[in-house]
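Residue-level structure breakdown
Here is what each chain is made of, one letter per residue.
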Amino acid sequence: MNNPAESDLPMVDVILPLARSEDGEAQKKAVAKRLKIHPAKIKELRLRKHSIDARKKEIKIQLRFEVGIDDKLPPDVPCEVQLPSVASSSKTVIIVGSGPAGLFAALTAIKKGWKPIVLERGKDASARRYDLAPILRHGTVIENSNYCFGEGGAGTFSDGKLYTRATKRGPVRTVYETLVAHGAPPRILVDSHPHIGSNLLPNVVKAIRASINEAGGEVCFGAQVTNLIHASGTIRGVAINEGKELYGDAVILATGHSARDIYQLLHRHHILLEQKPFAVGVRIEHPQPLIDSLQYHYERGRDRPRLLPAASYSLATKVRGRGVHSFCMCPGGFIVPAATENDEVVVNGMSLSKRDSPFANSGMVVTVEPEDVDDFGSEHGVLAGIAFQKHIEQAAKNAGGGGQVAPAQRVVDFLGQRCSARLPDTSYKPGLNSAPLDELMPAFIGDRMREGLSLFGKRMKGYVTEEANLIGFETRTSSPVRIPRDPDTLQHPELARLFPCGEGAGFAGGIVSAALDGMRCAEALTSQTH
């Protein structure tokens, strides 16, 4: 991978007012002042970082430039991935799941001389797109091809948000460059909160699949893992679709957190699983112009300045030992049905690349600790958290009244503990039904959310409004189960050559951290498995 960020050329950070942030002469003068040189000596600037500081009324733009002094900058090195061809004698790794963890594990395995066979229960991204129509129009879930299952995983059609705090987990820049090499907008290399968009990401994951196939790997669709093949404490392979057996030298288990059948399969095989904290709540939806006016400090009714994107926010507090926080905020976005079975309603958020929807939405969730789901433990054991999620999802289905219609309540009515006589407009296409969310969700969640929202309304005046909906329920923020692994070898402590990986295993949260974990697992298996 070529890295255009690695350079010996001068790199300078400057801050400019919003109105002058795209003025080339203003940029040059600011850089020259920082370098203590005459502006005429600067022959070229190349933007390397862009971030918005909207904490105060006067919005500032933070810019980082590569600087050509007395001469033009050398040509920028394009992002490209050069994969070796897989040899016929190569060892084989079976990778279960084609989300970011699985795809980046496959790319890394090829670089290390291994042949990856990626097994995806769902369809390719093109076919998968057509399968979203029944759930949006008729409320019918195609259970192996939906917003969660299929090529690219849940992220393919739910936003493509790339911001991560997982900078210590591996080379984040390499992930971005790999995405750009496969068609993502180069701007993600510059923006402090990069985003691809659900309209662009499908083509990116298709291009990654093409790279894997062209190098000699395989990506198989409609290949649902239904059994594990193991003996003497070592995994040997998997069975797919209740029949065909595939053998390999190692297995990377890179399913997402909605692949509940995988947890059940591991449990039936008496393979160690662990409970872990997760979060459950709702989607909160506002008019995007309202959020813009609150975050960018101007009166409602004005147009957002041209140089500013749809505004986002992040809110968090702690209420009686449990976190209450926004999650996966989608400016200029849509709320979508993320159920994987027809007896449940689950909601999630997404944005297209332009983020030009008139709505803003975010998860608003409360932390759930393992002890909070003890009522489900006697029947479900280590899978109690999954049973808890399912219970809430089925309650949403019943309260919605049919199909994927979701229960909803105005924020002010939720705080006042009363049903909403009428609901504001929404981006959620299957429709809403007024329902008392505070009665549908467990009291320990509803009470804390009520306190958290009251606090957020004081921090961000105007956030609590009759224009805002709460839509139930956001249950798939992360997995309630961890598939443990040795911290050094990354193999399961009871089953050699099984590498639990990514979000579904409990070791990532989001596209970038999952991709990093996929790379890490592939590097671990190729260095240890002989």
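Residues numbered from 1 in each chain as written. Predicted model: local features only at pLDDT ≥ 70, side-chain atom pairs only at ≥ 80, totals over all residues. Heavy atoms only, no water.

1. Focus on helix α15 (residues 511–528)
Counted only if it meets this: Note on conventions: DSSP H or I runs of at least 4 residues are helices, E runs of at least 2 residues are strands, and numbering of each starts at the N terminus. Working rule for helices: expected span equals 1.5 Å times residues minus one. The buried label goes to any residue with under 20% of its type's maximum accessible area, the exposed label to any with over 50%, and the partly exposed label to all in between, with areas taken from a 1.4 Å probe on protein chains only.
Under the 1.5 Å per step criterion, the end-to-end length of α15 is 26 Å for 18 residues, consistent within 8% with the ideal 26 Å. Counted residue by residue, α15 has 14 buried out of 18 residues, so it is predominantly covered.

2. Considerations on the layout of surface pockets
Quick reminder of the rule: Using only the protein atoms, space was sampled on a 1 Å grid; points where a 1.4 Å probe fits but cannot get out form cavities, open sets with protein on both sides within 12 Å along at least five of seven lines form pockets, and lining residues are those with an atom within 4 Å of a point. Grid points are joined across faces, edges and corners, and a volume is the space filled by probe spheres set on the points. Think of it as three bins: nonpolar holds Ala, Val, Leu, Ile, Met, Phe, Trp, Tyr, Cys and Pro, charged holds Asp, Glu, Lys and Arg, and polar takes everything else, Gly as well.
There is about 390 Å³ of room inside the second largest pocket. Among the secondary structure elements, those contributing two or more residues to the lining of the second largest pocket are α7 (260–268) and α10 (384–400). Among the residues forming the lining of the second largest pocket, the class breakdown is five nonpolar, six polar and six charged.

3. Comments concerning the pairing of strand β4 (residues 92–96)
This is how the line gets drawn: When DSSP locates at least two bridges between a pair of strands, those strands are taken to pair. Place the viewer so that the strands point away; then a crossover is right-handed whenever the path from the first strand over the helix to the second strand goes clockwise.
For β4, a buried count of five out of five residues is recorded, marking the element as mostly surrounded by other parts of the structure. Alternating residues of β4 divide into T92, I94 and V96 and V93 and I95, and every residue in both groups is buried. Note: β4 against strand β5 (residues 115–120), five bridges, orientation parallel. Across the sheet, residue I94 finds its bridge partner in β5, namely I117. Remark: the β4/helix α2 (residues 100–111)/β5 crossover connection has right-handed handedness.

4. Some details on the packing of helix α5 (residues 172–181) against α15
Note the following rule: Each axis is a line fitted through C-alpha atoms, and for a helix only the stretch in contact is used; angles between axes span 0 to 180 degrees, taken between their N-to-C directions. The labels follow the angle: roughly parallel below 35 degrees, roughly antiparallel above 145, roughly perpendicular from 65 to 115, and oblique for the rest. Two residues qualify as a contact provided that any one of their heavy atoms is within 4.5 Å of a heavy atom in the partner residue.
Their axes nearest at 10 Å, the elements α5 and α15 cross at an angle of 100 degrees. Overall, the two elements α5 and α15 adopt an arrangement that is roughly perpendicular. From α5, V172, T174, V175 and Y176 reach across to α15, where they touch V512, A515, L516 and M519.

5. Notes on the sheet that holds strand β7 (residues 225–231)
Here we have three strands laid out as an open sheet, ordered β7-β8-β9, and antiparallel in their pairing. A strand with exactly one partner marks an edge of an open sheet, and here the two such strands are β7 and β9 (244–247). Taking the axes of each pair of neighbouring strands and ignoring which way they run, one obtains an average angle of 30 degrees across the sheet. Two elements, β7 and strand β8 (residues 234–240), share six bridges in a ladder whose sense is antiparallel. Following the sheet pairing, H230 is matched in β8 by I235.

6. Thoughts on empty space enclosed by the protein
Applying the stated criterion to the full structure yields two cavities of 30 Å³ or more. Counted as a void, the largest cavity has a volume near 110 Å³. Lining the largest cavity are 13 residues, with P100, L179, L201, V205 and I511 positioned closest to its centre. Of all the elements, helix α6 (residues 201–215) adds the most residues to the lining of the largest cavity, at four residues. When grouped by side-chain class, the residues that make up the lining of the largest cavity number nine nonpolar, four polar and no charged. One number sums up the size of the second largest cavity: a volume of about 30 Å³. If you trace the second largest cavity, you find it lined by K161, L162, Y163, T164, G509, G510, I511, V512 and S513.

7. Quick word on the pattern of salt bridges
We count it as follows: Whenever a carboxyl oxygen of Asp or Glu lies within 4 Å of a side-chain nitrogen of Lys or Arg, that contact is scored as a salt bridge.
The full count for this structure, using the stated rule, is 30 salt bridges. Its salt-bridge partner being R300, residue E467 comes within 3.0 Å of it at the nearest N-O pair. In this pair, E467 is assigned in the loop between α13 (443–459) and β20 (469–474) and R300 in the loop between α8 (288–296) and β13 (316–319), connecting sequence segments 167 residues apart. Judged by relative accessible area, which is 34%, E467 ranks as partly exposed. Residue R300 is classed as partly exposed on the basis of its relative accessible area, which comes to 41%.

8. Side note on unusual backbone geometry
For the bond from G472 to F473, the omega torsion is -5 degrees, close enough to zero to count as cis. Positionally, F473 belongs in strand β20. One non-glycine residue, H270, lies in the positive phi region at around 60 degrees. Along the chain, H270 turns up in the loop between α7 and β11 (274–275). One non-glycine residue, H297, lies in the positive phi region at around 65 degrees. Tracing the sequence through the fold places H297 in the loop between α8 and β13.

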